[in-house]
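# Summary of the model geometry
The lines below spell out each chain.
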Amino acid sequence: MTTSKVRVALIYGGVSGEHSISCITAGAVMSSIDPKRYDVLPIGIRRDGTWVLGETDPERLTMGDPMPEVGESSECVVFPAGDGTQPLLAVTYREDGSVESARSLGKVDVVFPLLHGPFGEDGTIQGMLEMANVPYVGCGVFASAAGMDKHFMKILLESAGIPVSRYVAVTASQWKRDPRAVRAAVAELVLPLYVKPARAGSSLGISRVESLEQLDQAVETAHKFDPKVLIEESIDGREVECGVLGGHGIDVPRASWPGQIVLGGPAEFYDFEHKYLDTAALTLQIPAEIGEAATQIVRETAVRAFEAFGCEGLTRVDCFVTPQGEVLVNEINTMPGFTPFSMYPVLWEKSGLSYTELVDELISLALERGTGLH
């Protein structure tokens, strides 16, 4: 008896600054996914937002110089709304915008949105997939939107009784209208500070501020990526990360062993360069050397954060562990980096789940959950 394969649409690229990282992630997933169980339809989103048929050769989506990106295509992919049985379409348009030709790409059973940043992990594509009634890997609309905005993320964590660092949120209009008031509020925080875009990822636009004289430049840098900026007080403690994986049925979510990033050389923090380019300068220490008691608190706190946001599928929770053993959540990431050397899959590998098994588990959870209210 032959069992039909599950058809998976891998959507990658996107319009955010993490476009190339998303492409690399797609190549990694494509290389590892079990071809006996899954039929893959790669879909790329170009930097201008156009959806096209994606790359079928994962070797062309590996890190290099230049970094990979979604190229041009004569056909655009259309993902229509419907009851879940509707086919995707490959459409060719004339210069006047009229349709020259259209062909069916068939239906897909599940979508793996390998997108980071705005229009990828902020609830927008999740909402589109809900309207299409097609199951998808990862968190739903609300958790994705709230998790993407570091300001509202803090508000939700605080309301759930989960400790966070002190911070000041600043919009572009507030900064232009009354920068003195912003500086006064920031002066109440303890230096050093971290200034970051509220809704960007991969450490893009983050600055470390050692004195208030550096604040203006740091805010301007962050505003290049997002009109809303978060200014956070530095925490004296170890930064550790914990992966959370949804449970099947009514099972509780699962937490990985916490891990710690150890930077070598002159690096001051885990920025984009050290996450993806100069990876030789860092070591992923798993499990983190924080002691048995703190390890348990981190894992429990990560699951609490996952449930507070109503997360599904996967989330990475980043925490600080102080010398006194207090655990504060720095942020949650509802679509964490997923390259083979990214922290989330490595955490699960060290916890007993290989990259291929993790991909399979995430697809299984998505199919089990379905779409709509549940």
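Quick caveat, the model's predicted, so the values are computed rather than measured.

## Re the overall build of the chain
On a plain count of helices and strands, the chain comes out with 11 helices and 17 strands. Over its C-alpha trace the chain gives a radius of gyration of 21 Å, about what one expects of a compact globule, namely 21 Å for 374 residues. Projected onto its principal axes, the C-alpha coordinates of the chain cover approximately 60 × 50 × 40 Å. Considering the chain as a whole, with its 374 residues, one finds that 53% of them fall into the buried category. Taking the intrachain contacts of the chain between residues at least 6 apart in sequence as the baseline, contacts between residues at least 24 apart amount to 66%. Working note: accessible area of the chain is about 16,700 Å², and carbon and sulfur atoms make up 52% of it.

## Examining the sheet that holds strand S1 (residues 6–13)
Pairing is mixed across the open sheet formed by 4 strands, whose spatial order is S3-S2-S1-S7. Edge positions in the sheet fall to strand S3 (51–53) and strand S7 (110–113), since each of these pairs with one other strand and no more. The average undirected angle you get between the axes of adjacent strands in this sheet is 30 degrees. Where S1 and strand S2 (residues 38–45) come together, 8 bridges link them in parallel fashion. Residue pairing across strands places Tyr12 opposite Gly44, the latter belonging to S2.

## With respect to the environment of Val111
Position of Val111 among the secondary structure elements: in strand S7. Classification of Val111 by relative accessible area gives buried; the value is 0%. Along the sequence, Val111 and Gly138 sit 27 residues apart, while their C-alpha atoms lie 9.6 Å from each other. The contact partners of Val111, leaving out residues within four places of it in the chain, are Ala9, Ile11, Phe79, Leu129, Val134, Pro135, Tyr136 and Val137.

## Digging into the packing of helix H3 (residues 141–148) against helix H4 (residues 150–159)
Their axes nearest at 5 Å, the elements H3 and H4 cross at an angle of 110 degrees. For the element pair H3 / H4, the angle class is roughly perpendicular. Contacts between H3 and H4 pair Phe142, Ala146, Gly147 and Met148 from the former with Lys150, Phe152, Met153 and Leu156 from the latter. Tallied by class, the residues present in the contact of H3 with H4 amount to 6 nonpolar, 1 polar and 1 charged.

## Looking at the side chain of His151
Position of His151 relative to the elements: it lies in helix H4. A residue is classified by how much of its surface remains accessible, and His151, at 18% relative accessible area, is buried.

## Focus on helix H2 (residues 124–132)
Along H2, the positions that sit buried rather than exposed are Ile125, Gln126, Gly127, Leu129 and Ala132. Buried residues belonging to H2 abut S1, S3, S7 and H3. One or two positions beyond H2, positive phi appears at Asn133, with a value near 60 degrees.

## Topic: unusual backbone geometry
Looking along the chain, the bond that leaves Leu191 and enters Pro192 is cis, with omega of -5 degrees. Positionally, Pro192 belongs in the loop between helix H6 (179–186) and strand S9 (193–197). With an omega dihedral of 0 degrees, the bond running from Ile286 to Pro287 counts as a cis peptide bond. Relative to the helices and strands, Pro287 is located in the loop between strand S15 (282–285) and helix H9 (292–308). Positive phi values are uncommon outside glycine, yet Phe119 reaches one of about 65 degrees. As for its placement among the helices and strands, Phe119 is situated in the loop between S7 and H2. When its relative accessible area of 54% is taken as the criterion, Phe119 is described as exposed. Of note in this structure, Asn133 is not a glycine but carries a positive phi near 60 degrees. Looking at where Asn133 falls in the secondary structure, it is placed in the loop between H2 and H3. Residue classification places Asn133 among the partly exposed residues on the basis of a relative accessible area of 34%.

## Notes on the packing of aromatic side chains
As enumerated under the stated definition, the model contains 4 aromatic pairs in all. Their ring planes at 50 degrees and their centres at 5.3 Å tell us that Phe338 and Tyr355 sit as a pair that is tilted. Here Phe338 is found in the loop between strand S17 (327–333) and helix H10 (343–350), whereas its partner Tyr355 is found in helix H11 (residues 355–369), with 17 residues between them in sequence. For Phe338, a relative accessible area of 1% gives the class buried. Arg299 extends its terminal NZ or CZ atom over the ring of Trp257, reaching a point 4.6 Å from the ring centre. The positively charged end of Arg369 is found above the aromatic ring belonging to Tyr136, 5.1 Å away from the centroid.

## Re the nonpolar core
Formed by 30 residues in total, the largest nonpolar core has its most connected members in Phe112, Phe338, Val359, Leu362 and Ile363. Among the elements of the structure, S1, helix H1 (19–32), S7, H10 and H11 are those that each provide at least two residues to this core. Considering every element that reaches this core, the biggest residue donor is H11, with 7 residues. Apart from residues no more than four positions distant in its own chain, Ile363 is found in contact with Val8, Ile33, Tyr38, Val110, Phe112 and Val137.

Parameters and conventions
- The numbering scheme is per chain: residues are counted from 1 as the chain's sequence reads.
- Where local features are concerned, this predicted model is filtered to residues with pLDDT of at least 70; where side-chain atom pairs are given and counted, the filter is 80 or more; whole-chain, interface and lining totals use all residues.
- Hydrogens and water molecules were not included; the side-chain quantities draw on all heavy atoms of the structure.
- Per the convention used, a helix needs a DSSP run of H or I reaching at least four residues, while a strand needs a run of E reaching at least two, with both numbered from the N terminus.
- Within these notes, the globule rule equals 2.2 Å times the number of residues to the 0.38 power, and the radius of gyration is based on C-alpha atoms.
- Only protein chains enter the area calculation, which uses a 1.4 Å probe; residues under 20% of their type maximum are buried, those over 50% are exposed, and those in between are partly exposed.
- Any two residues whose heavy atoms approach within 4.5 Å at even a single point are treated as in contact.
- We get accessible surface area from the Shrake-Rupley algorithm with a probe of 1.4 Å; when it comes to residues, only the shown protein chains can shield them.
- Only strands joined by at least two bridges in the DSSP assignment are considered to pair.
- As a rule, the C-alpha atoms of each element are fitted with a line to give its axis, helices using only the stretch in contact, and angles between N-to-C directions run from 0 to 180 degrees.
- Oblique is the label for any angle not under 35 degrees, not over 145, and not in the 65 to 115 range, which are roughly parallel, roughly antiparallel and roughly perpendicular in turn.
- Each residue receives one of three labels: charged for Asp, Glu, Lys and Arg, nonpolar for Ala, Val, Leu, Ile, Met, Phe, Trp, Tyr, Cys and Pro, and polar for the others, Gly being one of them.
- Only Phe, Tyr and Trp rings are paired, with Trp represented by its six-membered ring, and only when their centres lie within 6.5 Å; those with planes under 30 degrees apart are stacked, over 60 edge-to-face, the remainder tilted.
- Geometrically, a lysine NZ or arginine CZ counts as sitting over a ring once it is within 6 Å of the ring centre and also within 35 degrees of the ring normal.
- Take the buried residues of types Ala, Val, Leu, Ile, Met, Phe, Trp, Tyr and Cys, join any two whose side-chain atoms come within 4.5 Å, and each joined set is a nonpolar core.

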